[in-house]
Amino acid sequence: MATAVEKWVDEVAALTRPKTVYWCDGSEGEARRIMEMGMSEEKITVHDVFSELNQATCPKAYLHRSHPTDVARTEQLTFVCYPDRERSGPNNNWKHPKDAKALMTGISRGCMKGKTMYVLPYMMGPVDSPYAKACIQVTDVSYVAVSMRIMTRMGTHVLKKIGSGENFTRGLHSVGDFSPDRRFIMHFPDEDFVWSVGSGYGGNALLGKKCFSLRIASWQGYRYGWLAEHMVIMGIEDIKGNVRYITAAMPSACGKTNLAMLESALPEYRIWTIGDDIAWLNIGPDGRLYAINPEAGFFGVAPGTSMKTNPNMVRTLKAAKFYPTLYTNVALDRKTNEPWWEGFSDPDGKDLVDWQGNPWNPSLGTKAAHPNSRFTVSLYNCPIVSREVDNPLGVPISAILLGGRRSRLIPLVAESFDWPHGVFTGARTGSETTAAAAGKVGVLRRDPFSMLPFCGYNMGDYFRHWINIGRLCARPPRIYSVNWFRTDEQGKFIWPGFGDNARVLRWVLDRIDGKVGARETPLGLVPHVKDLVLDGLAIPEDRVESLFAVKPGEWDAELAEVKAFWNPFGRHIPNELNQAYEKMARALKA
Ligand code: GTP
Ligand code: SPV
Ligand code: MN
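The structure reproduced in this document is the subject of the present report. Worth saying up front: this structure is predicted, and the values here are computed from it rather than measured.

## Observations concerning the sheet that holds strand 23 (residues 338–340)
Here is step 1 of the chain: Spatially, four strands are ordered 23-22-24-25 in an open sheet, and the strand pairing comes out antiparallel. Looking along the sheet, the strands with just one partner apiece sit at the ends: strand 23 and strand 25 (359–360).
Here is step 2 of the chain: Here three bridges tie strand 22 (residues 331–333) to strand 23, and the two strands are oriented antiparallel to one another. Opposite A331, over in strand 23, you have W340 as the bridge partner.

## Some thoughts on the coordination of the manganese ion (ligand 3)
Here is step 1 of the chain: Coordination of the manganese ion (ligand 3) by the protein is provided by K210 (NZ), H230 (NE2) and D277 (OD), with metal-donor distances spanning 2.1 to 2.5 Å.
Here is step 2 of the chain: Of note is the manganese ion (ligand 3), whose six donor atoms meet at the metal with angles of 62 to 173° in an arrangement that counts as irregular.
Here is step 3 of the chain: Summarised as a motif, the one-chain spacing of the donors to the manganese ion (ligand 3) is K-x19-H-x46-D. Of this pair, K210 sits in helix 8 (residues 208–224) while H230 is found in the loop between strand 14 (227–229) and strand 15 (231–237), placing the two residues 20 residues apart along the sequence. With respect to burial, K210 and H230 carry one shared label: buried.

## Some points on the site of ligand 2
Here is step 1 of the chain: What surrounds ligand 2 is the set R73, G202, G203, K209, K210, H230, S252, D277, F299, R374, A436 and F454.
Here is step 2 of the chain: Within the side chain of R73, one N or O atom sits 3.0 Å away from an oxygen atom of ligand 2.
Here is step 3 of the chain: Within the side chain of H230, a nitrogen or oxygen atom sits 3.3 Å from an oxygen atom of ligand 2.
Here is step 4 of the chain: Here ligand 2, which alone exposes 290 Å², has 98% of that area covered by the protein.
Here is step 5 of the chain: Those elements that place two or more of their residues in the shell around ligand 2 are helix 7 (202–205) and helix 8.
Here is step 6 of the chain: Across the shell around ligand 2, the residue classes break down as three nonpolar, four polar and five charged.
Here is step 7 of the chain: Structurally, the shell around ligand 2 is a two-domain feature, drawing no fewer than three residues from each of domain 1 (4–36 + 74–225) and domain 2 (228–295 + 387–589).

## Focus: the pairing of strand 5 (residues 61–64)
Here is step 1 of the chain: Neither face of strand 5 is left uncovered, since the one carrying A61 and L63 and the one carrying Y62 and H64 both have all their residues buried.
Here is step 2 of the chain: Across two bridges, the pairing between strand 4 (residues 51–52) and strand 5 is antiparallel. Opposite S51, over in strand 5, you have L63 as the bridge partner.
Here is step 3 of the chain: Sheet topology note: the strand 5/strand 21 (residues 325–328) ladder contains four bridges and is parallel.

## A look at the site of ligand 1
Here is step 1 of the chain: Contacts to ligand 1 come from 22 residues, most closely from A253, K256, T257, N258 and R374.
Here is step 2 of the chain: Within the side chain of K256, one N or O atom sits 2.7 Å away from an oxygen atom of ligand 1.
Here is step 3 of the chain: Counting only elements with at least two residues in the shell around ligand 1, the list comes to helix 9 (256–260) and strand 20 (297–301).
Here is step 4 of the chain: If one sorts the elements of the shell around ligand 1 by residue count, helix 9 sits on top with three residues.
Here is step 5 of the chain: In terms of residue class, the shell around ligand 1 is built from ten nonpolar, eight polar and four charged.

Reading guide: rules and limits
- Residues numbered from 1 in each chain as written.
- Chains lettered and ligands numbered in written order.
- Predicted model: local features only at pLDDT ≥ 70, side-chain atom pairs only at ≥ 80, totals over all residues.
- Heavy atoms only, no water.
- Pairing = 2+ DSSP bridges.
- Helix = DSSP H or I, 4+ residues; strand = E, 2+ residues; numbered from the N terminus.
- Donors = N, O, S within 2.8 Å, 3.2 Å for Na, K, Ca; no water.
- Tetrahedral: all angles 85-135°; square planar, octahedral: opposite > 155°, others 65-115°.
- Buried < 20%, exposed > 50% of the residue type's maximum accessible area, 1.4 Å probe, protein only.
- Near = heavy atom within 4 Å.
- Polar contact = N/O pair within 3.5 Å; in protein donor to acceptor, adjacent residues only side chain to side chain.
- Areas by Shrake-Rupley, 256 points an atom, 1.4 Å probe, with all protein chains shown as cover.
- Nonpolar A, V, L, I, M, F, W, Y, C, P; charged D, E, K, R; others polar.
- Domains from an automatic or database assignment.

Structure follows, in structure tokens:
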């Protein structure tokens, strides 16, 4: 008797017509064989799928160049499909599941002709965690198959776990003909099913990541009492050896990976990394919130990554423990066969080609690496990976940070008055857009909880769910808003960021421990500058003070924008948020 998995794979093969169906076992030997094929037989436009990089200096590392029109998530082509449009909310593109399936069936018919269909059995979450989920993705590209091996816990053990049951998430992926006109990322939350055609890039194609672990999982969390969030999970160890865990939500390309493995500027603290992008939060038996990282790798932004900004990531990339490490759409130094990107090192003296393989030098005025170029590398390569990373129950969370990229207005850090106020803070968060998604960069938009592109249902209901989770927790974490990105009159960042963000983490821990007071503002509680440990920093104190300035008049536009964003959600916005809004508006007027 065929299992439910086999039946589904047969069904997909009958529609997409691959030449062969290959079931991956997740082994290193298999990954090597797939990489070999991608270096000799397969092509993406004119390039091989993979090319080997300098194995002496970048062991186990390979370069991949994506299709030039396929370089970032495409939110406008991403849909969630419920029979009831209101369920998806104004925050999502919607299609009726029947219409969506008809459309996808049309563009998928025969789309794998002549190709191999890889069947990938994988877990999101530590394999024996009660919170982990078994998944099956099929794909017709080796790059996606190998990337999924790095990003998830993939292997035959998952098929054993599913057995003859039906309890698994399905992902159907094909690059089709790469045409943006036939590119859709369709979610069917009621069926735990994602169907993505036309893109081979990142969150559009690695369906365990944003598609399942956020969009579909957030809907599961809503129904079953947990949270799927776009968050870092990290431990902070103090000098006495106590480790506290926090999570931090920040929009795409706004500093999660850097925060997750920061090298603390304060020697009395060290960081332990658990995750850099996604957290699943469950209420534990003791009434605290516990976090697991469903992923097993990093799909990190390359530009800006260096020994100065993120030494632990550079070490992770060089660690060469887990096979392989992939670099996508970075530049290449032809002299040394090493990857390169803006912010990594001085381009002088290098023989660079850009992310599409064209000769490049700084005088061209273009970017050598695509601004959304990324590396894919195992979490287990990270020199500061937490020993709790595979703890099936996760780690207890003491604080939640909510960030954004704001050149003005939002203070470096502010503590919420209580849980509902924290939810209000998350719900009003805005951020300037980045290259992680197709579209204009640097435009301010609302991005509540950094989940705007990832919340798989009506975001008003999501806010209500957050309020409820706080009620169900005996000891909910404290909630903080943070912003590393305020700029001065010259447009330069005021706060040094990166390792110096440990100074903010220290204040957060000191608050939790009741060691320091705070100053009340209409937005929340901000530090007395004397309580921040600033030694070794070259910024004058009044400049630091300016990071906490709350000038009421400047808030009018912000408040109006929050209201305008909330408006289409109507009755879905919980009362607690409307009350917190009114309270802040009154305080700003007073
Ligand atoms: P996604 O993987 O898209 O979810 O992004 P992310 O949130 O993990 O962002 P990441 O840490 O990769 O940072 C994105 C960009 O912001 C990089 O170019 C970083 O160098 C830069 N960045 C990160 N942290 C800081 C900081 O504290 N200050 C400043 N000025 N830039 C930062
Ligand atoms: C993001 O855009 O938030 C990412 C990259 O982490 S992707 O996997 O493409 O979603
Ligand atoms: Mn992300």
